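In case you want the letters, here they are:
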Amino acid sequence: MISVERVVMVRRPLAEVVAYLEDFGRAEQWDPGTVRCVRLDDGPVRVGARWRNTSRFRGRTTELRYELVVRESARLVFVGENKTVTALDDLRFTEEGTATRLTYRASLRFKGLARLAAPFLGGEFERLADGVVDRLPVAAEAWRS
């Protein structure tokens, strides 16, 4: 398994940051690996909402189906899956004055033969996580509900 964690400060109130990030379709704006992310169901975002995420990693494109599995006032958890990997994005929010401290944890569990590559991919995922740190605050602070 590969896991990365980053802490990001966003200069917006907690409720606004959660409202922005609960729609995983916005990953196109803040996740440097996401090429496209499309909602697969309708209505308000709720537990069980689903997205098809197309990502590019090491020159290859892959699709994962993501689902929102935890939606709390200060926590969001998304699980993405395809035949070679299960991805878990766990976002925890803490109010700090008028800003929000976001602890972002991403874990990838590879399946089958893809497990053999996992030990060699950690550095790439660390770089992607650094990209999230650069992009997410800018995107969230620019968003208007």
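About the cut-offs
Residues numbered from 1 in each chain as written. Predicted model: local features only at pLDDT ≥ 70, side-chain atom pairs only at ≥ 80, totals over all residues. Heavy atoms only, no water. Helix = DSSP H or I, 4+ residues; strand = E, 2+ residues; numbered from the N terminus. Rg over C-alpha atoms; globule rule 2.2 N^0.38 Å. Buried < 20%, exposed > 50% of the residue type's maximum accessible area, 1.4 Å probe, protein only. Contact = heavy atoms within 4.5 Å. Core = buried A, V, L, I, M, F, W, Y, C linked by side-chain atoms within 4.5 Å. Pairing = 2+ DSSP bridges. Axes fitted to C-alpha atoms, helices over the stretch in contact; angles between N-to-C directions.

(A) Local environment of the overall build of the protein. Secondary structure summary: the protein contains 3 helices and 7 strands in total. Sequence-ordered secondary structure for the protein, helices as α and strands as β, is β-α-α-β-β-β-β-β-β-α. Here the C-alpha radius of gyration of the protein, 15 Å, is about what a compact globule of 145 residues would show, namely 15 Å. Projecting the C-alpha coordinates of the protein onto the three principal axes gives extents of approximately 45 × 35 × 25 Å. The buried share of the protein, taken over its 145 residues, is 44%. Long-range contacts, defined as pairs at least 24 residues apart, comprise 48% of the intrachain contacts of the protein with a sequence gap of at least 6.

(B) Structural view of the nonpolar core. With 36 residues, the main nonpolar core has Leu-21, Trp-30, Trp-51, Phe-93 and Leu-136 as its most contacted residues. Of all elements in the fold, only strand 1 (2-10), helix 1 (14-21), helix 2 (27-30), strand 4 (60-72), strand 5 (75-81), strand 6 (85-96), strand 7 (99-110) and helix 3 (118-142) reach the threshold of two or more residues within this core. Those residues in contact with Leu-21, other than ones at most four positions away along the chain, are Trp-30, Leu-76, Phe-78, Leu-91, Phe-93, Leu-102 and Leu-136.

(C) The arrangement of the sheet that holds strand 3 (residues 50-57) in detail. Across the sheet, 7 strands lie side by side as 1-7-6-5-4-3-2; this open sheet has antiparallel pairing. In the strand order of this sheet, the two ends are held by strand 1 and strand 2 (34-39), each with one partner. Taking the axes of each pair of neighbouring strands and ignoring which way they run, one obtains an average angle of 20° across the sheet. Bridge count for strand 3 against strand 4 is 8 bridges, and the pairing is antiparallel. Residue pairing for strand 4: Phe-57 is matched across the bridge by Arg-60.

In short, the description is geometric, and any link to function would need to be established separately.
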